[in-house]
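So you can see what is in the structure, the chains are spelled out below.
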Amino acid sequence: MAGAIASGWASFAAMLLAGLVLMFGLPHVFDLFGLLQMTVFVAMAVLALSQGFIWGYGGIMSFGQSAFFGLGGYTYAVAVMNLGDSTGAVALAIALPAAFAALLGYFMFYGRISDAYVGVVTLTVTVILFNVFNSTAGDWYTIGNAPLGGFNGMPSVPPLNIPGHPDEPLDPGQLWYAAMGSLILVYVLLRGVLASRFGRVVVAIRENETRAMLLGYDPRLYKLLTFTLGGGIAGLAGCLFTNWGSFISPTAFSLAQSAQIIIFVLVGGLGTLLGPILGAVAIQYMVTLIGAQQKVDGNLIVGVVLIGFVLLVPQGVVPVVRNVLQRLFVRTPRGGTAPVASEARP
Amino acid sequence: MDLIGLTGFNILVAIATLVLLALGLGVIYGMMRIINLAHGEFLMLGAYATALATNHGVNIWISMLIVSPLVVGIFGLLVERLFIRFLYGRMIDTMLATWGLSLALIGLVTTLFGTTVQGVSAPLGGFAIGRYQGSLYGLFLVACAAAMLGGLYALLRTTRFGLIVRATMQNPNMAAALGVSPPRIYMATFALGSALTGLAGGLLAPVSGTAPNMGVAFVAKSFITVLGGGAAFVTGTGLASTLFGIIDEIATERTTPVFGEVALLLSAVILIRVLPQGITGRFFRRST
């Protein structure tokens, strides 16, 4: 037991160190264009963490994490255009999606609808938001002095600034530090949550909801809180994404976006935090490569990857690699049980 | 009076459209508990089959009523054999795999045919509702939806095949003990659902147009109708389509088509909250 805790701290320290090295090292390796690319990868990694947390640990199958992502992006854009200072806008971009997730989660979890219905309801809500934001063209749909712009989205959104100094915006190089810093913060937060009593109950509910309920925990409340936290993190990712391109459009709500988030987690590995981050970077990189060529439509490749992983590697890359490493480096007694790959299944 | 007539006609068409969209899905979900997220793309394939066949000189009625269900039915059979059958009992994985299939199909069709294809125009003309004009094709859609609902109900209720299918649905182990092969029934059911979906896609092609991503617009509507309908999926789909069709059409008339759809989806989410088992989970429980 003590060994497990120690190795937990060791892996946490290693991850934190790696994150900090990347944060301060990459600007010396990449030029500005490369760094911008990495910034969007990191924004997607934050988004993947939100899905990885609620799905891999909370057992909640959300097909609409892009709803909170898009809401976060739009909230930031509208708020920063009206407030001038970006600090409050960022807070709103986290709080509003979280509040929306809480409302939706109350509806779903306190309605005790089954897992599959949660998937379909989140999917439906995403389609609703996509349709609504698509039809917001025209002067009528202007919040304060921020026109929503319908299908064309909102261009030239002001970037983040030094808190309290709206006249000192971050340049793209500095945005990288903000994005990577957010990713590290979210990772640390989720590690903390999972190590806490709350996180243990969340995982217990994923493993066996009835048993957790009989032990006196209310699964509805725990699922609601998990879902809300995930919504807030996805909102932060949307805020980073809007900052990256100074642009947000209804495609943030699209089903293709939702599918990508799920693929990030599935490819990287369910029930891990590292997996979604790596999955996001790898898939996003692949999508960028596909976008550069004209022969094959991107959806075809993304779809085939998704089918392939569901059928062949349903537990994702990180757990598989971890098991292989364990088998190589940790001696298991002969005839003893090998590490079980299916541990991370929801 | 004329306006009421027109509204009534539009409501009927909206209901019929929902029935067409949802029935194939209802068969697959209701019988096999498989959530086929590629449903929208099955509709799209049906529409493409009709459009391509018609553009190559096939009679439009033949392409809609025969080519589309045949093509998509066979396609569904292949999909079931190639990967759905490995995923029975793993609901979330099936959702993910079919979602992958959905994206792959959108990508494939875009790669093969580009983002647009020459559509088909609605055959038949119009008829007068007082001072207004209704489309005869809309009437034909209503007739088709009614025939499909009635036909499916009769198939499940009166034939030997229907009896076996319903028995397998209720208790696959018992059915297997009595000499039925559940995998073959599942295969047939999936193909039947796909064929119905293809037929719907073909029928809707003149109304909705044909584009690779047309299915995305339908998939949420279809699901919500099936889930709102509940376990007895033929009756349920009919009832839920009626309810949602009325809401959609009235909201559309008051505001815009976008908010009509939003009203439909919102009311469906609320319905699922109030009746988690769908309409037939509470009422008409003994129907099919």
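Residues numbered from 1 in each chain as written. Chains lettered and ligands numbered in written order. Predicted model: local features only at pLDDT ≥ 70, side-chain atom pairs only at ≥ 80, totals over all residues. Heavy atoms only, no water.

Going by an unreviewed UniProt entry, chain B carries the name ABC transporter amide-urea permease and comes from Acidisphaera rubrifaciens HS-AP3. Regarding chain B, the relevant UniProt record gives this comment under Sequence similarities (unreviewed entry): "Belongs to the binding-protein-dependent transport system permease family. LivHM subfamily." Annotation of chain B in UniProt includes, under Subcellular location (unreviewed entry), the sentence "Cell membrane". (UniProt positions renumbered as here; feature names shortened; annotations may be inferred.)

Per an unreviewed UniProt entry, chain A is named ABC transporter urea permease, and its organism is Acidisphaera rubrifaciens HS-AP3. As recorded by UniProt, the Subcellular location (unreviewed entry) comment attached to chain A reads in full: "Cell membrane".

Just checking my understanding: could you explain the overall build of chain B for this structure?
Regarding its fold elements, chain B presents 12 helices and 2 strands. For chain B, the N- to C-terminal ordering of α and β elements is α-α-α-α-β-β-α-α-α-α-α-α-α-α. For 288 residues, the compact-globule estimate of 2.2 N^0.38 gives 19 Å, and chain B sits close to it at 19 Å. A total of 288 residues make up chain B; the buried ones form 56% of that total. Taking the contacts inside chain B whose residues are at least 6 apart along the sequence as the reference set, 77% of them involve residues at least 24 apart. Counting every atom, chain B has about 11900 Å² of accessible surface; 67% of that belongs to carbon and sulfur. Between the centroid of the 15 positive side chains of chain B and the centroid of its 8 negative side chains there is a distance of 17 Å. (Helix = DSSP H or I, 4+ residues; strand = E, 2+ residues; numbered from the N terminus. Rg over C-alpha atoms; globule rule 2.2 N^0.38 Å. Buried < 20%, exposed > 50% of the residue type's maximum accessible area, 1.4 Å probe, protein only. Contact = heavy atoms within 4.5 Å. Areas by Shrake-Rupley, 256 points an atom, 1.4 Å probe, with all protein chains shown as cover. Lys, Arg positive; Asp, Glu negative; His and termini not counted. Charge placed at Lys NZ, Arg CZ, Asp CG, Glu CD.)

Which parts of the structure should I look at to understand the packing of aromatic side chains?
When we look at a pair of aromatic rings, we describe it by the centre distance and by the angle of the planes. Residue and element names in this part refer to chain A. On inspection of all chains with the given rule, the structure shows 21 aromatic pairs over all chains. An angle of 40 degrees between the planes, with centres 4.4 Å apart, marks the rings of Y74 and F133 as tilted. Placement of the pair is Y74 in helix α3 (residues 65-83) and F133 in helix α5 (residues 115-134), with a sequence separation of 59 residues. Each member of the pair Y74 and F133 is classed as buried. Between F109 and F227, the ring centres sit 5.6 Å apart and the planes meet at 85 degrees, which makes this aromatic pair edge-to-face. Taken together, the residues F109 in helix α4 (residues 86-109) and F227 in helix α9 (residues 219-245) connect sequence positions 118 residues apart. The pair formed by F109 and F227 is uniform in burial state, with each residue classed as buried. (Phe/Tyr/Trp six-rings, centres within 6.5 Å; stacked < 30°, edge-to-face > 60°.)

Just checking my understanding: could you explain the packing of helix α2 (residues 32-57) of chain A against helix α6 (residues 172-195) of chain A for this structure?
When two helices pack together, their arrangement is given by the angle between the helix axes and by the axis-to-axis distance. Residues and elements named next belong to chain A. Interhelical geometry of α2 versus α6 gives an angle of 20 degrees and a closest axis separation of 9 Å. The orientation of α2 with respect to α6, classified from their angle, is roughly parallel. α6 is crossed by α2, and the crossing has left-handed handedness. When α2 is examined against α6, the residues L32, L35, L36, M38, T39, V42, A45, V46, L49, F53 and Y57 are found in contact with a partner set consisting of P172, G173, L175, W176, A179, M180, L183, V186, Y187, L190, V193 and L194. Class assignment of the residues belonging to the contact of α2 with α6 gives a composition of 21 nonpolar, 2 polar and no charged. (Axes fitted to C-alpha atoms, helices over the stretch in contact; angles between N-to-C directions. Parallel < 35°, antiparallel > 145°, perpendicular 65-115°, else oblique. Left-handed = near helix turned anticlockwise from the far one by under 90°. Nonpolar A, V, L, I, M, F, W, Y, C, P; charged D, E, K, R; others polar.)

What am I meant to see in the side chain of S68 of chain B here?
Relative to the helices and strands, S68 of chain B resides in helix α3 (residues 60-82). Other than its neighbours up to four places away in sequence, S68 of chain B contacts G46, A49, T50, S63, G198, L199 and G202 of chain B.

What should I look at first to understand the UniProt feature "transmembrane region" (unreviewed entry) in chain B in this one?
Residue and element names in this part refer to chain B. When the UniProt feature table is mapped onto this chain numbering, "transmembrane region" (unreviewed entry) sits at residues 6-27, 34-54, 60-84, 96-116, 136-156, 185-204, 224-246 and 258-276. Secondary structure content for residues 34-54 is 76% helix and 0% strand, and the end C-alpha separation is 32 Å. Between the end C-alpha atoms of residues 60-84 the distance is 32 Å, and the span holds 92% helix and 0% strand.

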